[in-house]
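# A structural walkthrough
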Amino acid sequence: MVNLKVKDVEFSYESVRVLKAVSLELAASEVLGVVGPNGAGKSTLIRCIDRILKPQHGTILLDGQDINALHLTELAKRMGYIPQTTSQVFPATVFDTVLMGRRPHIGWRSNEVDTEKVLETLKLLNIEDLAMRDINELSGGQQQKVFIARAVTQEPEILLLDEPTSNLDIRHQLEVLDTLRNIVTERGISAIMAIHDLNLAARYTDSILMMNGGSVFAVGDPSSVLTTENITHAYGVEVEVNIHRGKPYILPIRPVGRR
Amino acid sequence: MVSSTERITETSKSAVIKAQYKKYIDRKIIFILFSIALIVIITGISATLGPYSITVPEVYSIIWQGLFQHPATTEEFVVWNLRLPRILMAVLAGMGLAIAGTMMQGIVRNPLASPYTLGISSGAGFGAVIAIIYGTGLIPWAGSGYLTIVNAFAFSLIPVFVIMALARFRRATPEMMILAGIAMMFVFYGYTHLIYYFADPDAMKEAYFWTIGGLGRASWETLTPMAVMLAFCIPLLMWRSWDLNVMGAGDETAKSLGVNVERVRLLIMILASLLTASIISFTGCIGFVGLVAPHICRICIGGDNRFLIPASGLFGATFLLCMSTLGRTILAPVIIPEGVMMACIGGPFFFILLIGKKKEYW
């Protein structure tokens with residue numbers, strides 16, 4: 001069971017401070033949603049956790065060990081990252097794309113085991129029919145599933161997702177998040193997901209970290225974080241929060257004040 | 001009952017994908033084997049062409065015998081010392097430039113990258129022109145016979161160092177690297193033409209011929225350093241093919257999959273540039289093959305670098321060998337330089353493929 005601790009992380013691009021003393025803790029088998037307005041630092045936080053960016057201050061501990069002390073491949077075996085956008089310029093089949101997830105586990109030749117893992121994940125995400133298609137020919141929703149499949153074949157203990165549902169229609173949004181929940185439960189892994197849609201966040205996460213201006217604004221279970229006051233304060237929007245089937249349901253009304 | 005039927009259909013689905021994938025891999029292997037066969041056949045034909053007539057079976061038997069003894073007869077001398085060096089140089093140069101092009105396109109994730117567009121060819125051209133016209137170079141103690149080669153080699157590495165410095169100190173993106181390469185290409189062209197403008201016409205003609213690029217200087221002496229460089233760089237580059245695949249998905253994804261993106265990019269850039277420089281300093285600027293061979297192979301067998309690198313090397317070798325053979329025959333006894341043939345015939349050929357391709361890739 002994995003445990004991730006982020007302590008006082010600060011990150012600046014050039015002179016702009018994007019993260020200010022951010023701390024969080026991720027429990028085993030937990031899905032943590034990171035919400036907040038544009039520019040709050042959600043994506044930067046996720047990139048820092050996966051060591052794609054190096055924070056200037058603070059530590060990130062994976063089972064008590066500083067991630068900077070881990071070898072890159074070692075870290076890749078434990079954390080998988082699904083970027084918001086991707087830029088596959090040259091042709092690649094879905095099968096080969098998912099096989100890339102095996103990179104941390106293999107030398108320069110893949111073997112039968114890797115092939116089986118790819119087939120297993122394709123089945124898990126129900127994208128077997130796409131296996132031999134080119135990744136650039138797929139729709140946004142299908143691509144997102146392929147990228148999740150790639151990260152799942154990596155067999156990480158923590159999945160990091162950056163806006164997995166942006167650009168997806170509502171059916172694909174639900175499919176992708178349902179799949180994610182299934183994987184987390186089935187494999188006993190944890191996930192951190194930056195997400196814009198507050199209703200989806202309320203429904204699919206165990207706890208929510210709300211960010212504003214690079215700092216943690218509120219943290220806790222969805223109903224304690226997604227309150228009228230918090231949302232109005234962080235986003236500058238007047239909302240109505242209803243409880244629907246035990247989860248908060250947010251209805252945006254109008255922007256308020258100056259931002 | 002229901003669940004057991006379901007299980008059967010699901011396993012068969014996996015089996016179908018596996019079979020399809022195997023077929024897909026087999027197709028790539030066939031492409032590679034076919035290219036090797038083609039090189040052997042064209043070598044045989046190419047060695048028969050020329051004023052002294054020899055048949056194809058004779059060529060193969062002469063090549064075979066020559067492996068064990070020094071050429072004695074006229075036929076043997078013609079094949080081994082006159083025709084084979086040029087043929088082998090076409091194969092080695094085509095292979096090296098195509099592989100260097102594949103790697104460069106891979107690391108900057110841009111279909112426009114090639115020895116030309118990263119400024120390597122124009123750097124080499126500038127170095128050669130200085131050596132030919134002024135008789136001097138960056139490394140003046142190089143013997144006069146090697147001055148042009150050494151100078152071309154030295155200058156061709158300047159753009160690479162500039163690009164690497166940008167990447168190191170200004171954290172240049174792949175796009176910035178390619179733009180910097182193009183900028184340097186123009187700078188070197190500009191200075192080359194400035195030298196031409198004030199040069200003595202005879203010297204200028206010689207320098208100009210060098211920049212066109214051809215295999216006229218092929219000999220066993222020039223083949224050796226080139227072959228050594230290929231034998232050194234190609235295995236190292238192939239070893240990185242998996243990393244290159246992962247980097248194709250973007251820097252962030254590659255990092256999250258455990259690839260040290262900056263270091264791999266630097267290593268590949270150095271190796272690919274050394275490979276290119278060691279070829280074009282002997283042949284002049286035959287850059288086009290480095291741009292098109294990877295693209296043609298991607299159209300045929302897809303973008304998996306584990307297969308694309310050998311395939312595009314072999315295809316590049318075949319392509320340059322064909323152009324060289326054509327260049328020696330169509331206006332015989334005049335030999336048209338390979339650089340010209342490549343652009344005049346290879347260009348339209350690539351254009352037709354580009355229009356005709358079925359899938360949208362880049």
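Computed from a prediction, not measured in an experiment: that's the story for all the values here.

## Structural notes on the overall build of chain A
The helix and strand tally for chain A stands at 9 helices and 12 strands. Expected size for 259 residues packed as a compact globule is a radius of gyration near 18 Å; at 19 Å, chain A falls within 12% of this value. Counting only C-alpha atoms, chain A reaches 60 × 40 × 35 Å along its principal axes. Within the span of chain A, comprising 259 residues, buried residues form 45% of the whole. Of the contacts formed within chain A by residues at least 6 apart in sequence, a portion of 65% connects residues at least 24 apart.

## What to know about helix α9 (residues 228-235) of chain A
All names here are of chain A. Every buried residue belonging to α9 is among N230, I231 and Y235, and all of these are buried. Along the axis of α9, the buried residues cluster in a sector spanning 95 degrees; they form a single face. Of the surrounding secondary structure, the elements contacted by the buried residues of α9 are β9 (207-212), β10 (215-220), α8 (222-225), β11 (237-244) and β12 (247-255). Backbone geometry just after α9 places G236 at a positive phi near 70 degrees.

## Overview of the packing of helix α5 (residues 147-169) of chain B against helix α6 (residues 174-198) of chain B
All names here are of chain B. Between α5 and α6, whose axes approach to 10 Å, the crossing angle comes to 150 degrees. Judged on the interaxial angle alone, α6 and α5 are roughly antiparallel. Judged by the sense of rotation from one axis to the other, the crossing of α5 with α6 is right-handed. Counted together, P159, V162, I163, L166 and A167 of α5 and M176, M177, A180, G181 and M184 of α6 form the full contact between these two elements. Considering only residue class, the contact of α5 with α6 consists of 9 nonpolar, 1 polar and no charged.

## Observations regarding the sheet that holds strand β4 (residues 57-62) of chain A
Residues and elements named next belong to chain A. Strand order in the open sheet formed by 4 strands is β2-β1-β4-β5, and the pairing between neighbours is antiparallel. Strand pairing shows two members of the sheet lacking a second neighbour, β2 (16-26) and β5 (65-66), which therefore form its edges. Where strand β1 (residues 4-13) meets β4, 5 bridges bridge the pair, whose relative direction is antiparallel. Paired with K7 across the two strands is T59, which belongs to β4. The sheet strands contacting helix α1 (residues 42-49) are β1, β2 and β4, and the helix crosses β2 at an angle near 60 degrees.

## Side note on the pairing of strand β3 (residues 31-35) of chain A
Residues and elements named next belong to chain A. The buried count for β3 comes to 5 of 5 residues, which makes it a mostly enclosed element. Burial along β3 is two-sided: the face carrying V31, G33 and V35 and the face carrying L32 and V34 are both buried. Bridge count for β3 against strand β8 (residues 190-194) is 4 bridges, and the pairing is parallel. In the strand pairing of β8, V31 is matched with A191. Sheet topology places β3 next to β9; 4 bridges connect them, and they run parallel. Across the sheet, the residue bridging to V34 is L209, located in β9.

## Brief notes about the confidence of the model for chain B
Residues and elements named next belong to chain B. Per-residue confidence for chain B gives a mean pLDDT of 86; residues scoring 70 or more make up 93%. Of all the helices and strands in chain B, helix α1 (residues 2-46) carries the lowest mean pLDDT, 83, while helix α13 (residues 305-329) carries the highest, 93. Across the interfaces of the predicted complex, the ipTM metric reaches 0.89, alongside a pTM of 0.89.

## Digging into the nonpolar core
The biggest cluster of nonpolar side chains holds 176 residues, and the ones touching the most others in it are L160 and I192 of chain A together with V289 of chain B. Tallying contributions element by element places helix α3 (residues 74-108) of chain B first for this core, with 18 residues. Setting aside residues up to four positions removed in sequence, V289 of chain B forms contacts with G94, L97, A98, G316, F319, L320 and M342 of chain B.

## Points about α6 of chain B
An ideal rise of 1.5 Å per residue puts 36 Å on 25 residues; α6 of chain B measures up with 37 Å between its terminal C-alpha atoms. Of the positions making up α6 of chain B, those classed as buried are M177, I178, A180, G181, M184, M185, F188 and T192 of chain B.

## Regarding the packing of helix α5 (residues 140-153) of chain A against helix α6 (residues 170-187) of chain A
All names here are of chain A. In the contact formed by α5 and α6, the axes pass within 10 Å of each other and the chain directions differ by 10 degrees. Regarding the angle of α5 to α6, the classification is roughly parallel. As for how α5 packs across α6, the hand of that crossing is right-handed. The segment α5 lies against α6, with G141, Q144, K145, I148 and V152 engaging H172, V176, T179, L180 and I183. Of the residues in the contact of α5 with α6, the class split is 5 nonpolar, 4 polar and 1 charged.

## Concerning the interface of chain A and chain B
Taken residue by residue, the interface counts 32 residues in chain A and 33 residues in chain B. Elements with a minimum of two residues in the side of chain A that touches chain B: α2 (72-78), β6 (79-82), α3 (94-99) and α4 (112-124) of chain A. Ranked by the residues each element gives to the side of chain A that touches chain B, the list is headed by α2 of chain A, at 4 residues. Partitioned by chemical class, the residues of the side of chain A that touches chain B number 17 nonpolar, 9 polar and 6 charged.

## Considerations on the sheet that holds β8 of chain A
Sheet strands pair via backbone hydrogen bonds, and the direction of the pair is either parallel or antiparallel. Residue and element names in this part refer to chain A. Taken in spatial order, the 6 strands make up an open sheet running β6-β7-β8-β3-β9-β10, and their pairing is mixed. Either end of the sheet is taken by a strand with one partner, and the two such strands are β6 and β10. For this sheet, the mean angle separating the axes of adjacent strands, direction not counted, is 15 degrees. Across 5 bridges, β9 lies against β10 in antiparallel orientation. Bridge pairing in β10 links L209 to V219.

## Brief notes about the environment of D96 of chain A
Structurally, D96 of chain A can be placed in helix α3. For D96 of chain A and P248 of chain A, which are 152 residues apart along the polypeptide, the C-alpha to C-alpha distance reads 41 Å.

## Quick look at the environment of D162 of chain A
Residue and element names in this part refer to chain A. Checked against the element boundaries, D162 lands in strand β7 (residues 158-162). Judged by C-beta crowding, with 23 C-beta atoms within 10 Å, D162 ranks as buried. Sequence spacing of D162 and I46 is 116 residues, and the spatial spacing of their C-alpha atoms is 7.2 Å. When residues no more than four places from it in sequence are discounted, the contact partners of D162 are S43, I46, I82, P83, Q84 and A194.

## Looking at unusual backbone geometry
Residues and elements named next belong to chain A. Located in the positive-phi region is E155, a residue other than glycine, with phi close to 55 degrees. E155 sits in the partly exposed class, given 17 other C-beta atoms within 10 Å. Look at N167: it is not a glycine, yet its phi comes out positive at around 70 degrees. Examined against the element boundaries, N167 turns out to sit in the loop between β7 and α6.

Analysis parameters
- Residues numbered from 1 in each chain as written.
- Chains lettered and ligands numbered in written order.
- Predicted model: local features only at pLDDT ≥ 70, side-chain atom pairs only at ≥ 80, totals over all residues.
- Helix = DSSP H or I, 4+ residues; strand = E, 2+ residues; numbered from the N terminus.
- Rg over C-alpha atoms; globule rule 2.2 N^0.38 Å.
- Buried ≥ 20, exposed ≤ 12 C-beta atoms within 10 Å, placed from the backbone.
- Contact = placed C-beta atoms within 7 Å.
- Arc of directions from axis to C-beta.
- Axes fitted to C-alpha atoms, helices over the stretch in contact; angles between N-to-C directions.
- Parallel < 35°, antiparallel > 145°, perpendicular 65-115°, else oblique.
- Left-handed = near helix turned anticlockwise from the far one by under 90°.
- Nonpolar A, V, L, I, M, F, W, Y, C, P; charged D, E, K, R; others polar.
- Pairing = 2+ DSSP bridges.
- pLDDT = per-residue confidence, 0-100.
- Core = buried A, V, L, I, M, F, W, Y, C linked by C-beta atoms within 7 Å.
- Expected span 1.5 Å × (residues − 1).

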